[in-house]
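Residues per chain, in single letters:
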Amino acid sequence: MRDAEHGVDVVVIGLGATGGLAASQLALAGLNVVGLEAGNWHHAGEFAMDDIAQLGRNSLGAAKVNGEVPTFRADSHQVAERALLNVGNLMMNGVGGSKTHSTNISWRMSPWNFRARSETIARYGAQAIPEGSTLVDWPLSYDDLEPYYARVERLYGVSGAAGNVGGIRMREGNPFEGRRSEPYPSPPLRRSGWTELMKAAASSLGWSPFPTPASIRSVERDGKKACQYCGFCTWNGCWVDAKAVPSSIGIPEAIETRRLDVRTGARVTSIDVDGDGVARGVTYVQDGQARRITARIVILSAFTYENVRLLLLSTSEQFPHGLSNRSGQVGKHFMTHTFVLGFGLFPGRRLNAWSGSNAQGTAVADFDAANAEHPDFIGGGVIMAGHEIRPLLHHRFAPPGVPRWGSARKRWLAENLQSLGWTYTLPDELPYEDHYLDLDPHVTDDHGLPVIRVTQKLRPNEIRQYEYLAERMREWFEAAGAAEFWHTPIANSPINTHAYGGTRMGEDPATSVVDSYGFSHEVPGLVVLGASTFPTSGGVNPTETAEALTWRTVDRILEIGSPLWG
Amino acid sequence: MVAEAVGASVLTDDARAVLEAMLECVHPADELGPGAIEVGLLDYIMGQLRGPLQRFVPWYVEGLEELERHAATTTGTSFVDLDRAGQEAVLREIESLAPGEGPALRQFFDLVIEHAYEGLFGDPAYGGNAQGAGWQLVGYPGPRPVLSAEEQALDHVRPASAASIYTIAPFAESGPT
């Protein structure tokens with residue numbers, strides 16, 4: 001192994017949505033930062049509108065999926081199996097991380113989410129918390145995070161229509177959203193025949209539809225182009241660089257200061273601590289060589305599964321059960337989002353929904369958080385009608401009863417695929433005592449290291465949520481005039497791109513791993529970023545909340561300065 | 001990158017004949033349009049088996065043999081010699097096999113269906129979707145990098161295109177990997 005290098009203020013593990021933002025903002029503020037990314041830079045030439053490459057072969061994500069993908073089991077009596085789904089595992093390595101190829105829908109969580117436990121008990125009593133759930137309040141409030149949501153939206157030119165600015169209700173936006181200090185910096189993505197059809201239908205039901213907010217430019221800004229509505233947004237990078245990915249915004253500026261050193265093809269194998277249990281740096285492999293780097297602060301931002309895995313693999317005399325895991329809390333309180341997709345047919349209509357991004361949508365928050373009355377379950381989710389009906393993907397979603405092959409299938413596809421619309425929802429799955437991540441005892445990756453094992457199943461509270469939201473989707477499609485409605489089965493998505501917990505934040509070190517800034521309770525100098533720190537999953541896409549928390553952490557690091565490190 | 005000449009021997013001639021018959025059942029020629037072979041689904045699969053889907057070659061070799069065995073056992077005739085209705089009956093039987101009765105054969109059929117639809121709806125550069133027949137079937141106007149507001153209006157019709165994305169700027173210089 002080469003001698004360790006010294007003199008770096010911060011080493012960041014993983015340059016995705018959170019690591020990329022942290023690395024660039026810390027460097028821009030004057031710190032010396034090394035960013036280690038297991039993947040590579042990606043460029044527009046890789047982003048063709050080609051679904052064999054993107055969906056079939058998952059050209060951007062296959063390496064991460066096949067190399068890191070966890071195993072899965074429903075409960076501890078079962079043996080976990082590799083969940084090798086090439087389509088559906090929306091995660092990738094690379095500078096910019098999974099924001100490169102995800103849909104980039106960009107939400108703030110609801111104020112209720114931050115106090116989900118207290119609010120539930122106040123409204124329905126303690127017995128409403130499902131048995132076995134470890135539901136807690138977050139250790140910070142929506143108001144604490146609000147200025148950072150605003151800052152992220154401003155940096156990235158997030159596009160949307162505000163519903164509540166400074167307490168003033170704005171008709172075009174989400175009436176349930178938390179109070180914002182400023183409107184969105186960019187108007188919503190373009191409206192379409194499909195988004196407006198569903199908007200009218202929602203309004204006719206007395207719901208309050210609004211444009212889905214997106215971390216995608218709707219207008220040119222700072223010399224960067226806007227969305228071209230190509231229809232290949234998810235599982236694909238953006239050929240005009242209209243998605244707000246850290247590799248495009250933040251990292252280039254930081255590299256120019258010469259204080260950010262991005263190293264690609266660099267996979268961290270352990271986080272190193274000294275004899276006092278203080279984080280001192282990392283060991284990583286690059287070009288087949290093991291290297292060490294010391295730094296005052298180690299930021300772990302490799303996404304939920306890898307955050308947990310690296311902590312569990314980083315054992316030492318001081319931390320025999322994994323770094324920051326004397327409490328036994330690492331891996332605990334794992335949650336995921338089981339997506340439910342709803343479909344409707346509009347015979348004779350050509351929806352042209354294969355165009356655009358799935359972030360180009362109409363959303364309703366009437367059934368998210370505690371916005372509606374449903375005493376028989378805790379949680380809720382937004383429902384979004386979006387775009388990107390792709391023949392190679394959506395032919396699979398023909399309703400039950402349509403044969404999987406043959407003339408009858410051919411006829412169904414010919415008559416219906418262009419008349420197919422869809423919605424999706426991502427209900428708020430609660431944390432439970434026996435849902436967790438740990439190291440698989442049998443399965444290893446290419447380096448011989450154990451992969452993560454997921455133990456998790458659907459519980460009655462979550463099933464009731466999905467059924468409720470599926471019924472709302474049915475109502476929505478019926479109001480829109482659909483002749484037929486169906487939805488995907490309510491079943492676990494074994495390894496989901498929305499993954500939460502495992503290093504949850506909290507004030508009590510006995511029941512959490514980090515504080516509200518992501519600072520490890522047990523390990524000075526160790527910071528964890530990303531949805532692995534979330535105590536609850538919420539009913540919206542996670543990225544903007546992870547980004548806002550990250551920026552708050554950056555400010556805190558800069559504010560505290562040297563007392564942070566040992 | 002169009003598939004190389006479809007003579008390379010990833011599969012024996014007999015195995016290819018069985019696969020051809022299977023594919024024609026999955027996507028038959030009818031009044032809606034041409035069938036699997038004419039649309040290039042065999043070319044697509046053979047091309048992929050020589051490259052990115054190489055790891056599935058054993059599945060195809062064993063699956064096609066197993067299918068032949070199943071047909072011989074249940075009908076007394078080889079799969080290729082059955083008429084269309086007979087072949088479809090065999091495939092439906094395979095679909096309804098209980099988990100203990102032949103999971104590999106059932107999974108192989110699932111795989112063929114998966115690959116057949118990739119060939120049908122995928123970019124023509126890979127050898128399937130010949131003349132954009134798959135896209136034409138479902139009224140999909142073909143991939144393009146820029147779409148206008150007008151094209152996203154309900155009931156707007158853009159003329160069907162068979163153009164591979166690799167014939168359109170800025171992807172015309174590159175090609176599928």
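As the structure is a computational prediction, the values presented were derived from the model and not from experiment.

Here is what the cut-offs are and how they apply
- Residues numbered from 1 in each chain as written.
- Chains lettered and ligands numbered in written order.
- Predicted model: local features only at pLDDT ≥ 70, side-chain atom pairs only at ≥ 80, totals over all residues.
- Heavy atoms only, no water.
- Helix = DSSP H or I, 4+ residues; strand = E, 2+ residues; numbered from the N terminus.
- Contact = heavy atoms within 4.5 Å.
- Buried < 20%, exposed > 50% of the residue type's maximum accessible area, 1.4 Å probe, protein only.
- Pairing = 2+ DSSP bridges.
- Axes fitted to C-alpha atoms, helices over the stretch in contact; angles between N-to-C directions.
- Buried area = accessible area lost by both parts, 1.4 Å probe.
- Salt bridge = Lys/Arg side-chain N within 4 Å of Asp/Glu carboxyl O.
- Polar contact = N/O pair within 3.5 Å; in protein donor to acceptor, adjacent residues only side chain to side chain.
- Nonpolar A, V, L, I, M, F, W, Y, C, P; charged D, E, K, R; others polar.

Peer 1: When you look at the environment of Gly35 of chain B in this model, what are you seeing that I'm missing?
Peer 2: Residues and elements named next belong to chain B. Here Gly35 shows up in the loop between helix H1 (13–26) and helix H2 (36–39). For Gly35 and Ser9, which are 26 residues apart along the polypeptide, the C-alpha to C-alpha distance reads 23 Å. Setting aside residues up to four positions removed in sequence, Gly35 forms contacts with Glu24, His27, Pro28 and Ala29.

Peer 1: I tried to follow the pairing of strand E18 (residues 450–455) of chain A on my own but got confused; where do I start?
Peer 2: Side-chain direction in a regular strand flips from residue to residue, so the side chains alternate between the two faces of the sheet. Residue and element names in this part refer to chain A. The element E18 is largely enclosed, with a buried count of five among its six residues. In this sheet, E18 lies alongside strand E3 (residues 71–73) in parallel orientation, the contact comprising three bridges. Within the sheet, the bridge partner assigned to Phe72 lies in E18 and is Val454. Sheet topology note: the strand E17 (residues 436–444)/E18 ladder contains five bridges and is antiparallel. Looking at the pairing, Leu439 lines up with Ile452 of E18.

Peer 1: It is not clear to me how unusual backbone geometry should be interpreted in this structure. Could you clarify?
Peer 2: In the segment running from Ala169 of chain B into Pro170 of chain B, the intervening peptide bond is cis, with an omega of 0°. The residue Pro170 of chain B is located in the segment after helix H7 (133–138) in this model. For Asn104 of chain A, which is not a glycine, the phi torsion comes out positive at approximately 65°. Topologically, Asn104 of chain A is positioned in the loop between strand E4 (81–82) and helix H4 (111–114). Positive phi values are uncommon outside glycine, yet Ser324 of chain A reaches one of about 65°. Counting through the fold element by element, Ser324 of chain A comes out in the loop between helix H9 (304–313) and strand E12 (335–336).

Peer 1: Explain the sheet that holds E17 of chain A to me, please; I cannot follow it from the model alone.
Peer 2: One key point about sheets: their strands pair by backbone hydrogen bonds, in either a parallel or an antiparallel sense. Residue and element names in this part refer to chain A. One open sheet accounts for four strands, arranged E4-E3-E18-E17; its pairing is mixed. A strand with exactly one partner marks an edge of an open sheet, and here the two such strands are E4 and E17. Across the face of the sheet, H9 comes into contact with E17 and E18 while running at roughly 75° to E17.

Peer 1: Before we go on, may I ask you to explain the interface of chain A and chain B in this structure?
Peer 2: Reports often express the size of an interface as the amount of accessible area lost when the parts come together. On the chain B side, the residues contacting the 45 residues of chain A number 54 residues. Counting each side, the surface lost to burial between chain A and chain B is near 4100 Å², with a carbon and sulfur contribution of 57%. Where chain A packs against chain B, one counts seven salt bridges. Taken together, the links from chain A to chain B amount to 31 residue pairs in polar contact (both at pLDDT 80 or more). Contributing elements (two or more residues each) for the side of chain A that touches chain B: helix H2 (51–56), helix H7 (193–204), helix H10 (391–394) and helix H11 (407–416) of chain A. When residues of the side of chain A that touches chain B are assigned to their parent elements, the largest contribution, six residues, is made by H11 of chain A. Considering only residue class, the side of chain A that touches chain B consists of 20 nonpolar, 15 polar and ten charged.

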